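Each chain, letter by letter, is given below.
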Amino acid sequence: MTEYHTLQELQELAVHQKKEIWQIVQQEDMDASERTQEQSYEKMHQMYEAMKYADASYNGNLRSASGRAGGDGEKLHQYNASGKNICGAFIGLVMEKAIKKIEDMSLNAWPSHKMELYDGWILRFSYFYTHRTNSVEQFGTSTLPWRGKIPYCEQGYKRLGTPAIFKISPLVSQDFDYMLENRGYSIQHVTNVMTVDLAQAVLDTPVTDVLFTNEIPDFWIHSLFDLKKTTNPIHRSVVPSMYRAILKETVCASITKNGQIIATGLGILDRDYIGIYAIHVREDYRRRGYARQICTGLLNEGKKRGASHAYLQVVKNNDSAEKLYSSLGFRYFYTYWFRVQPVGTRFQ
């Protein structure tokens, strides 16, 4: 187990090991408690939420039996407020900032066909091409009550012919998720976010079959449609403009056999990260290492262009994809899911 006693020692350890502070704390928790990464993160997040609630409900006018203000937690309250506590709220805040960074980058990476800003929320609409591009995301401070905002969103999506969908990340209040559950919303498309420090990534696979371009050609997009079996004419008409709307630097990867693209991948650079997207291989060419080639190539291209970390999103229980990404050095970071309005007359 890694040993540290002060915030300064923890910071020095993070620099020495080239890791984020939360990663060191999480690893120690996993070693000490024999938890999995998912279990450890969930425990840390629960502790953080509990401490946020306790701090928000603190009442300095109360007195405990010992006479201390606010109860016997006054000393701890002041200690936490000083920023010296290396546990609990501090670690939660560090993780929250890291999650917020990736959530912001994923928004930049995948624009929607239409968008509306509404009191700290962004309503995204793309004719239900994907959950991510056709859902409500919370990105800022909300000042209006949820009970009024949810029906507003439902009406907006009803007008556009789809159910209302809300993305639920660790940054979203659990109470909000419960409110949607009580309205009959189901959970769909549970997704794990994985990250890797590129200095520690396993990038020894030759990428001789992969072609890289800086732009995203139309033939690549239409080949991706074929790989995904996308036949909806609206999607095939609208989605190319969504790819062209990406403002960040891109690295487009493909493998061609017999004149046809049989594997794709897309890297999107943002700050010190490269996001990995659109990893698809035609069914009759799978299990030949093509996905590994494309991922390795994209990560190497990211390093060449200044990225020091990478992230990706993989649908939960996609075991073959998770196994591939883990072998490249990716590790679980957090989970998000979508709450989908029940099918019915409310949006039809």
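Here, the structure is the one placed above.
### Thoughts on the overall build of the chain
Helix and strand content of the chain: eleven helices and eleven strands. Burial status across the chain gives 46% buried among its 348 residues. Partitioning the intrachain contacts of the chain with sequence separation of at least 6 by distance along the chain shows that 67% fall at a separation of at least 24. About 17900 Å² of surface is accessible on the chain, with carbon and sulfur atoms providing 50% of the total.

### Focus on the side chain of Ser106
Note on placement: Ser106 falls in helix α5 (residues 89-109). A relative accessible area of 6% places Ser106 in the buried class. Excluding residues within four positions of it along the chain, Ser106 makes contact with Lys167, Tyr277, Tyr311 and Gln313.

### A few points about the pairing of strand β7 (residues 250-257)
Extensive coverage of β7 is indicated by the burial of six of its eight residues. Note: strand β6 (residues 211-213) against β7, three bridges, orientation antiparallel. Bridged to Thr213 within β7 is Cys252. Pairing between β7 and strand β8 (residues 260-270): eight bridges, direction antiparallel. In the strand pairing of β8, Val251 is matched with Gly267. Where β7 hands over to β8, the hairpin turn is made up of two residues, of which Asn258 adopts a positive phi near 55°.

### Some thoughts on the pattern of salt bridges
Enumeration over the complete set of coordinates arrives at 19 salt bridges. Where salt bridges share partners, they join Glu103, Arg124, Glu137 and Lys167 into one cluster.

### Describing the side chain of Thr296
Within the secondary structure layout, Thr296 lies in helix α10 (residues 290-304). We classify Thr296 as buried; its relative accessible area is 0%. Beyond its immediate sequence surroundings of up to four residues, Thr296 is in contact with Leu203, Thr205, Val207 and Leu328.

### Things to note about the nonpolar core
A general feature of soluble globular proteins is that nonpolar side chains tend to end up buried together. Formed by 43 residues in total, the largest nonpolar core has its most connected members in Ile102, Ile216, Trp220, Tyr243, Leu266, Phe333 and Tyr334. In contact with Phe333, other than residues within four places in its own chain, are Trp22, Tyr41, Met95, Ala98, Ile99, Ile102, Val193, Met194 and Thr195. Counting 32 residues, the second-largest nonpolar core is a separate cluster that includes Met194, Ile255, Ala263 and Ile294.

### Some points on helix α6 (residues 146-159)
Between its first and last C-alpha, α6 extends 20 Å over 14 residues, near the 20 Å set by a 1.5 Å rise per residue. Taken together, the buried positions of α6 are Lys149, Ile150, Cys153, Glu154, Gly156 and Tyr157. End-on view of α6: buried residues confined to an arc of 160°, all on one side of the axis. Facing away from the buried surface of α6 by more than 90 degrees, the exposed residues are Arg147 and Arg159. Buried-residue contacts for α6 involve β1 (114-118), β2 (121-125), β3 (136-138), β4 (165-168) and α7 (174-182). Looking one or two residues beyond α6, the residue adopting positive phi is Gly161, at roughly 85°.

### A short note on the packing of aromatic side chains
With the rule as written, the count across this model stands at 16 aromatic pairs. Measuring from centroid to centroid gives 4.7 Å for Trp110 and Tyr243, while their planes differ by 45°, and the two rings are tilted. Of the two residues, Trp110 is situated in the loop between α5 and β1 and Tyr243 in helix α9 (residues 233-244); the sequence distance between them amounts to 133 residues. You'll find Trp110 and Tyr243 in the same group, each marked buried.

### A few points about unusual backbone geometry
Unlike most non-glycine residues, Tyr127 shows phi in positive territory, near 55°. Relative to the assigned elements, Tyr127 resides in the loop between β2 and β3. Residue class for Tyr127 comes out partly exposed when judged on its relative accessible area of 30%. Backbone geometry places Asn258, a non-glycine residue, at a positive phi of 55°. Tracing the backbone shows Asn258 in the loop between β7 and β8.

### Examining the pairing of strand β10 (residues 309-315)
Counting buried residues in β10 gives six out of seven residues, a clear majority hidden from the surface. For strand β5 (residues 186-197) and β10, the ladder comprises seven bridges, and the chain directions are antiparallel. Paired with Val193 across the strands is Gln313, a residue of β10. Handedness of the β-α-β unit built from strand β9 (residues 273-281), α10 and β10 comes out right-handed.

### A look at the packing of helix α8 (residues 218-228) against α9
One can describe the packing of α8 onto α9 by two numbers: an axis separation of 10 Å at closest approach and a directional angle of 130°. The pairing of α8 with α9 is recorded here as oblique in orientation. As α8 packs across α9, the resulting crossing turns out to be right-handed. In contact with Asp218, Trp220, Ile221, His222, Leu224, Phe225 and Asp226 of α8, α9 contributes His235, Arg236, Val239, Pro240, Tyr243 and Arg244.

Here is what the cut-offs are and how they apply
- Residues numbered from 1 in each chain as written.
- Predicted model: local features only at pLDDT ≥ 70, side-chain atom pairs only at ≥ 80, totals over all residues.
- Heavy atoms only, no water.
- Helix = DSSP H or I, 4+ residues; strand = E, 2+ residues; numbered from the N terminus.
- Buried < 20%, exposed > 50% of the residue type's maximum accessible area, 1.4 Å probe, protein only.
- Contact = heavy atoms within 4.5 Å.
- Areas by Shrake-Rupley, 256 points an atom, 1.4 Å probe, with all protein chains shown as cover.
- Pairing = 2+ DSSP bridges.
- Salt bridge = Lys/Arg side-chain N within 4 Å of Asp/Glu carboxyl O.
- Core = buried A, V, L, I, M, F, W, Y, C linked by side-chain atoms within 4.5 Å.
- Expected span 1.5 Å × (residues − 1).
- Arc of directions from axis to C-beta.
- Phe/Tyr/Trp six-rings, centres within 6.5 Å; stacked < 30°, edge-to-face > 60°.
- Right-handed = clockwise from strand over helix to strand, strands pointing away.
- Axes fitted to C-alpha atoms, helices over the stretch in contact; angles between N-to-C directions.
- Parallel < 35°, antiparallel > 145°, perpendicular 65-115°, else oblique.
- Left-handed = near helix turned anticlockwise from the far one by under 90°.

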